[in-house]
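Next come the chains, spelled out residue by residue.
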Amino acid sequence: MVGRLPALLKDSALTALVAGALGLFIVGFRTTDLGKGLFFDYQFVDLGIAVVTIFFGRLGLHLASMGLKWPAFALGTALGAVGASPLRLPSTFLHWFVVIAGVLIILRTIWPWANAALATARHSQRGKAFGQRGAKWFGAILLIAAVLLPFSPFSNQKNMDLAVLILTYVMLGWGLNIVVGLAGLLDLGYVAFYAVGAYSYALLSTQYGLSFWTVLPLAGMFAATFGLLLGFPVLRLRGDYLAIVTMGFGEIIRLVLLNWVDLSNGPAGIGGIPGPTFFGAVFAETAPAGKQTFAQMMNIPFSSNQRLIYLYYIILLLALVTNFFTQRIRRLPVGRAWEALREDETACKALGINPTNTKLTAFAVGAMFAGFAGSFFAAKQRFISPESFTFIESAIILSIVVLGGMGSQIGVVLAAVLLIGLPEWFRDLGAYRMIVFGLAMVLIMVFRPRGLIAHREPSVRLHPVRAGP
Amino acid sequence: MSAANPQPLIEVEHLTMRFGGLVAVDDVSFRAGPRAITAIIGPNGAGKTTVFNCITGFYKPTVGRLTLRGDREYLLERMLGHEVGQKARVARTFQNIRLFPGMTVLENLLVAQHNKLMRASGMSIFGLLGLQRYRTAEAAAIDKARSWLERIQLLADADRPAGELPYGAQRRLEIARAMCSDPQLLCLDEPAAGLNPRESAELNDLLVSIRDVDGIGVLLIEHDMTVVMRISNHIVVLDYGRKIAEGAPDEVRNDPAVIRAYLGTAEDGPDA
């Protein structure tokens, strides 16, 4: 092993050299405007630190891949400690950079070992039983935490806002999971149904004065109808072709909303959308004529948090309904037919299953939940415009489903927290947060190619699982 | 045998299937009786699987009539792909196994009972509400699956993903899945392919019991002559899309046209 050390050092030095050469002009020089013209600002210290980090990082990864656990571990810890220390590096980013380098080395070191341990655990009878009970308990704990969140010390405005946002994506993820995870139909235009739901509520409430709870089922129905509309032409398509057409459908809906000004008010959007009411009571400081506020109804002092907490419980309820529905329908013939269709459409046909109807129900049911979520979104934002329904939204929802593990309900929650929560929490990092976002996605796909939770629980068992002897 | 039978289970009349200029099946007629195993044999490319695909609704025949006489009369050539399985209840297996590999063995057998369960679940509404009517139907479906798993010796593997099973077990499971769809006619496309002699013998027993115990008519494509000759009641021989012989196993075995098709003749040259 020691004999290979010079080669390792040489390779690490070479990597550092390449990084230095690349970084020289990107990081090393910066033009600053001093009023009298542009001047160079030199950042050679930053560059130097980065190059040294890259040298040790490369070395650490080499050591780890050679199985030299302890030296690699020590190097990783050292880097992490330097990055996290109060030592004054020139920028916060460099601190993060060094810390991440250390963490990566440590992860790389323990990965093979952790992987082997996990694999043995997963295949033992006891491990299987534990995994199942664990998933159940984990779900229950998450649920209790979610219900109690507004009463916890963390329930400030920022966190509650974020929680509502995450839950919206959890619900969308669960809805799309029906289409993509269960039925195996790759849908890149899911946001279209979200838009249909949002505009249904926005238009019906501002034009006809209908309340949120009246429109909610209607919005679901409208979105489901659009799901059927999309379903019909794409029934014959599979895989990539289906993805392209659904993506086109998503864009069509957005462009129609953008250009049909008479209906949707075009790019200016629709504002002044009323929020959801609580048995007729509104969430505002003063109630409009003939109505009362929630605070008056409950006889408590008004607080702007009440509205947010109410919204939080609505979306929690909607998300749980989605989850309950999905869990239930998976165990029904139509749910099994969706999964069978994903596995082998030809075999389904041979068994007398109507693939057309089965696919259409999957599209319609998935769209319905997007419609619910959309009308919640409109009620929460109080202003919507086509800007909110771009392709990137569909891509994020799909990423949540894929990264979570197709068909896994808990996986969707984890992925939504990771993909929506992280960028928000790391807002201080500024532009770098998108790098973190990308890094998180890449890491998940490298280490868990089938998603965070790839386990598929059978919809029915003949032999109940027992714990080991 | 079935030619003498006044009421055949399936009657194929003048079946022709053309793909552009290629005539895959050329004016083939035969009958297959109920409670009988009818084998379709022939060299590779003789059009056997094409006949199957026409019967099971995967192809629409260019010419011909396919009549199934079960609980009532069905004209198969007029039905949409999945209706042949749904209404006429013709079940099939595939030359290359087509299970639902990610789903468990039990789930595979439940998917096969989709249409019955779908009715019981009232288009999913009763099922979503968890009504007794659906729960009884599901329990009955699981019982049926269990009895089939016992018959094919896969009871212990019920909760394993079907794709993890060994090859021979997957073959048996595919037959059980087809049988769970409650068929009037069972079409098996080379069920013995890739099986060892012991598994092949077990398959014989299974097919004979499907004929004699369940009373289901079986249509069989097979290359393994030990299977074909031992269990078939009636054999149809195809070559280049045409029917060249038909009859009981002994007649077919000694038919000069069949021997010529399989072994070639002196005039055909050494490459035949």
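Keep in mind that what you see is a predicted model, and the values were worked out from it rather than measured. (Residues numbered from 1 in each chain as written. Chains lettered and ligands numbered in written order. Predicted model: local features only at pLDDT ≥ 70, side-chain atom pairs only at ≥ 80, totals over all residues.)

What should I look at first to understand the overall build of chain A in this one?
Helix and strand content of chain A: 18 helices and two strands. The dimensions of chain A, computed from C-alpha atoms along their principal axes, are 80 × 70 × 45 Å. Long-range pairs, those at least 24 residues apart, make up 73% of the contacts in chain A with a sequence separation of at least 6. (Helix = DSSP H or I, 4+ residues; strand = E, 2+ residues; numbered from the N terminus. Contact = placed C-beta atoms within 7 Å.)

Hey, could you run me through the overall build of chain B in this one?
When helices and strands are counted, chain B shows eleven helices and ten strands. What you see for chain B is a C-alpha radius of gyration of 20 Å, in line with the 19 Å of a compact globule of 272 residues. With respect to the principal axes defined by its C-alpha atoms, chain B has extents near 70 × 40 × 35 Å. Residues classed as buried in chain B amount to 47% of the 272 residues present. Across chain B, the fraction of contacts at a sequence separation of at least 24, relative to all contacts at a separation of at least 6, is 66%. (Rg over C-alpha atoms; globule rule 2.2 N^0.38 Å. Buried ≥ 20, exposed ≤ 12 C-beta atoms within 10 Å, placed from the backbone.)

So what exactly am I meant to see when it comes to the interface of chain B and chain A here?
How big an interface is tends to be reported as the loss of accessible area on association of its parts. Residue-level contacts link 29 residues of chain B with 27 residues of chain A. Elements with a contribution of two residues or more to the side of chain B that touches chain A: α2 (81-86), α3 (105-111), α4 (114-120) and α5 (125-129) of chain B. Taken together, the residues that form the side of chain B that touches chain A break down as eleven nonpolar, 13 polar and five charged. (Nonpolar A, V, L, I, M, F, W, Y, C, P; charged D, E, K, R; others polar.)

What exactly am I supposed to notice about helix α9 (residues 239-259) of chain A here?
Along an α-helix, residues three or four apart share an orientation, since each turn contains 3.6 residues. Residues and elements named next belong to chain A. With 21 residues, α9 extends 31 Å from end C-alpha to end C-alpha; this agrees with the ideal 30 Å at 1.5 Å per step. Along α9, the positions that sit buried rather than exposed are Thr246, Phe249, Gly250, Ile253, Arg254 and Leu257. Viewed end-on, α9 has its buried residues packed into an arc of 125 degrees, placing them on one side of the element. Looking at α9, the residues exposed on the side facing more than 90 degrees away from the buried face are Asp240, Tyr241, Leu255 and Asn259. Looking at the buried side of α9, the elements it contacts are α7 (191-208), α8 (212-234), α10 (261-264) and α16 (391-404). (Expected span 1.5 Å × (residues − 1). Arc of directions from axis to C-beta.)

Looking at this structure, I do not really get the sheet that holds strand β3 (residues 37-41) of chain B. What am I missing?
The strands that make up a sheet are held in pairs by hydrogen bonds between backbone atoms, and each pair lies either parallel or antiparallel. All names here are of chain B. Taken in spatial order, the six strands of this open sheet run β6-β7-β8-β3-β9-β10, and their pairing is mixed. This sheet does not close on itself; its edge strands, each paired only once, are β6 (90-92) and β10 (242-247). Sheet twist, expressed as the average angle between the axes of neighbouring strands with direction ignored, equals 20 degrees. Bridge analysis of β3 against strand β8 (residues 217-221) gives four bridges, and the strand direction is parallel. Its bridge partner lying in β8, Ile37 is registered against Val218. Across the sheet, helix α8 (residues 197-212) touches β3, β7 (185-189) and β8, and the angle it forms with β8 is around 150 degrees. (Pairing = 2+ DSSP bridges. Axes fitted to C-alpha atoms, helices over the stretch in contact; angles between N-to-C directions.)

Can you walk me through the nonpolar core in this structure?
Within soluble globular proteins, side chains that are nonpolar generally end up buried alongside one another. One finds Tyr194(A) and Ile315(A) to be the most contacted residues of the largest nonpolar core, which totals 178 residues. Non-local contacts of Tyr194(A), meaning those with residues more than four positions away in its chain, are made with Leu172(A), Ala370(A), Ala373(A), Gly374(A), Phe377(A) and Phe389(A). (Core = buried A, V, L, I, M, F, W, Y, C linked by C-beta atoms within 7 Å.)

How should the domain arrangement of chain B be read in this particular structure?
In terms of domain boundaries, chain B breaks down into domain 1 (10-89 + 183-268) and domain 2 (98-165). A separation of 29 Å is found between the C-alpha centroids of domain 1 of chain B and domain 2 of chain B. (Domains from an automatic or database assignment.)

I keep staring at the sheet that holds strand β1 (residues 10-19) of chain B and nothing clicks. Help me out?
Residues and elements named next belong to chain B. Read from one edge to the other, the open sheet built from four strands follows the order β2-β1-β4-β5, with strand pairing classed as antiparallel. Here the strands that pair on one side only, and so sit at the sheet edges, are β2 (22-32) and β5 (73-75). Geometrically, the sheet is characterised by an average inter-axis angle of 20 degrees between neighbouring strands, direction not taken into account. The pairing of β1 with β2 spans seven bridges and is classified as antiparallel.

Whenever I open this one, the domain arrangement of chain A confuses me. Can you help?
Segmenting chain A into domains produces domain 1 (2-122) and domain 2 (156-269 + 318-447). Each of domain 1 of chain A and domain 2 of chain A was reduced to a C-alpha centroid, and the two centroids are 39 Å apart.

Which parts of the structure should I look at to understand the packing of α8(A) against helix α15 (residues 355-381) of chain A?
Helix-helix packing is characterised by the crossing angle of the two axes and by the distance between the axes. Residues and elements named next belong to chain A. Their axes nearest at 7 Å, the elements α8 and α15 cross at an angle of 140 degrees. For the element pair α8 / α15, the angle class is oblique. Relative to α15, α8 is oriented so that their crossing is right-handed. Of the residues contributing to the contact of α8 with α15, the split by class is 18 nonpolar, seven polar and one charged. (Parallel < 35°, antiparallel > 145°, perpendicular 65-115°, else oblique. Left-handed = near helix turned anticlockwise from the far one by under 90°.)

Honestly, the pairing of β7(B) in this entry has me stumped. Any pointers?
All names here are of chain B. Of all five residues in β7, five are buried; the element is thus mostly enclosed. The two faces of β7 match: Leu185, Cys187 and Asp189 on one face and Leu186 and Leu188 on the other face are all buried. Where β6 lies against β7, three bridges are found, and the strand directions are parallel. Looking at β7, one finds that Ala91 is bridged to Leu186. Pairing of β7 with β8, which is carried by five bridges, proceeds in the parallel orientation.

What should I look at first to understand helix α17 (residues 409-425) of chain A in this one?
In a regular helix each residue adds 1.5 Å, so 17 residues correspond to 24 Å; α17(A) covers 23 Å between its end C-alpha atoms and thus fits that length. Along α17(A), the residues that are buried comprise Gln409(A), Gly411(A), Val412(A), Val413(A), Leu414(A), Ala415(A), Ala416(A), Leu418(A), Leu419(A) and Ile420(A).

Mind showing me how you'd approach the pairing of β8(B) here?
Each regular strand shows side chains that alternate between the opposite faces of the sheet. All names here are of chain B. In terms of burial, β8 is largely enclosed, as five of its five residues are buried. Both faces of β8 are covered, namely the face carrying Gly217, Leu219 and Ile221 and the face carrying Val218 and Leu220. For the crossover from β7 across α8 to β8, the handedness is right-handed. (Right-handed = clockwise from strand over helix to strand, strands pointing away.)

How should the packing of helix α12 (residues 305-330) of chain A against α15(A) be read in this particular structure?
All names here are of chain A. For the pair α12 and α15, interaxial distance at closest approach is 11 Å and the crossing angle is 175 degrees. Accordingly, the angle class assigned to the pair α12 and α15 is roughly antiparallel. Seen from α12, the contacting residues are Leu311, Ile314, Ile315, Leu318 and Thr322; seen from α15, they are Phe369, Phe372, Ala373, Phe376 and Lys380. Within the contact of α12 with α15, the residues separate by chemical class into eight nonpolar, one polar and one charged.

So what exactly am I meant to see when it comes to unusual backbone geometry here?
All names here are of chain A. Positive phi is not limited to glycine here, since Asn265 has a value of about 65 degrees. With respect to the secondary-structure elements, Asn265 resides in the loop between α10 and α11 (294-298). Look at Asn265 and you get partly exposed, because 19 C-beta atoms sit within 10 Å.

When you look at the environment of Phe249(A) in this model, what are you seeing that I'm missing?
Residues and elements named next belong to chain A. As for its position among the elements, Phe249 is in helix α9. Taking the number of C-beta atoms within 10 Å as the measure of exposure, Phe249 has 21 and is therefore buried. Sequence separation between Phe249 and Phe193 is 56 residues, and the spatial gap between their C-alpha atoms is 10.0 Å. With residues up to four places along the chain from it excluded, the contact list for Phe249 reads Gly189, Ala192 and Leu230.

What am I meant to see in the confidence of the model for chain B here?
Predicted coordinates in areas of low pLDDT are best not read in detail. Confidence in the prediction for chain B averages 86 pLDDT; 93% of positions are at 70 or higher. Reported confidences for the modelled complex are a pTM of 0.80 and an ipTM of 0.88. (pLDDT = per-residue confidence, 0-100.)

Please clarify how the environment of Leu237(A) should be interpreted in this entry.
Residue and element names in this part refer to chain A. The topology assignment puts Leu237 in the loop between α8 and α9. Each C-alpha atom, one on Leu237 and one on Leu185, is 9.4 Å from the other, the two residues being 52 residues apart in sequence. Residues contacting Leu237, with those up to four places away along its chain left out, are Leu242 and Val245.

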